[in-house]
Amino acid sequence: MVVTDRDEASDAKIGRVINNSFENISTKAGQWINNSITDSFGQSKNINTYLLIIPASEKATVGTFFSIRNPQNAMRSFGTFISKIAWSKSESLKELFLPFMYLGEEKPTEN
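A brief report on the enclosed structure follows. (Residues numbered from 1 in each chain as written. Predicted model: local features only at pLDDT ≥ 70, side-chain atom pairs only at ≥ 80, totals over all residues. Heavy atoms only, no water.)

Let's talk about the pattern of salt bridges
When the charged atoms of two side chains with opposite charge come close together, those side chains can pair. Evaluated as defined, the whole model comprises three salt bridges. Put simply, aspartate 11 and arginine 6 hold a salt bridge, and the shortest N to O gap is 2.9 Å. Take aspartate 11: its relative accessible area is 35%, and that puts it in the partly exposed class. Accessibility expressed as a relative area gives 9% for arginine 6, which makes it buried. For lysine 94, the salt bridge goes to glutamate 91, with nearest N and O atoms at 3.6 Å. With lysine 94 and glutamate 91 both in helix H4 (residues 91-96) and three residues apart, the pair spans about one turn of that helix. The partly exposed category is assigned to lysine 94, whose relative accessible area is 43%. Look at glutamate 91 and you get exposed, because its relative accessible area is 55%. (Salt bridge = Lys/Arg side-chain N within 4 Å of Asp/Glu carboxyl O. Buried < 20%, exposed > 50% of the residue type's maximum accessible area, 1.4 Å probe, protein only. Helix = DSSP H or I, 4+ residues; strand = E, 2+ residues; numbered from the N terminus.)

Written as structure tokens, this is what we have:
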């Protein structure tokens, strides 16, 4: 599983950058992909990949807000702010990280 931040890039651009980093393995945003490879011993292997781009649909702006509001203590203010969020109650975060439940399990792949 490859997890990366979005910044200003599209899913397609991020996918190209990640895929160009690997040899004979491809990833796709939001999908498990079954890759057949030959390892350095000449053995055939299947490797499942998943590209998780965070945030799922837009650029994160919370850090930018705190840096403009309070540049000297941006990270301290940000840390205080995020520590008060009830992350476990967020349905959108649960959905975003749902692919992690397949680690060590059979994946719903697209060939």
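Section: the environment of leucine 52
Residue position: leucine 52 is located in strand S3 (residues 44-54). Once the C-alpha coordinates of leucine 52 and valine 2 are considered, the two residues, 50 residues apart in sequence, prove to be 6.1 Å apart. Other than its neighbours up to four places away in sequence, leucine 52 contacts Val2, Val3, Thr4, Leu96, Phe97 and Phe100. (Contact = heavy atoms within 4.5 Å.)

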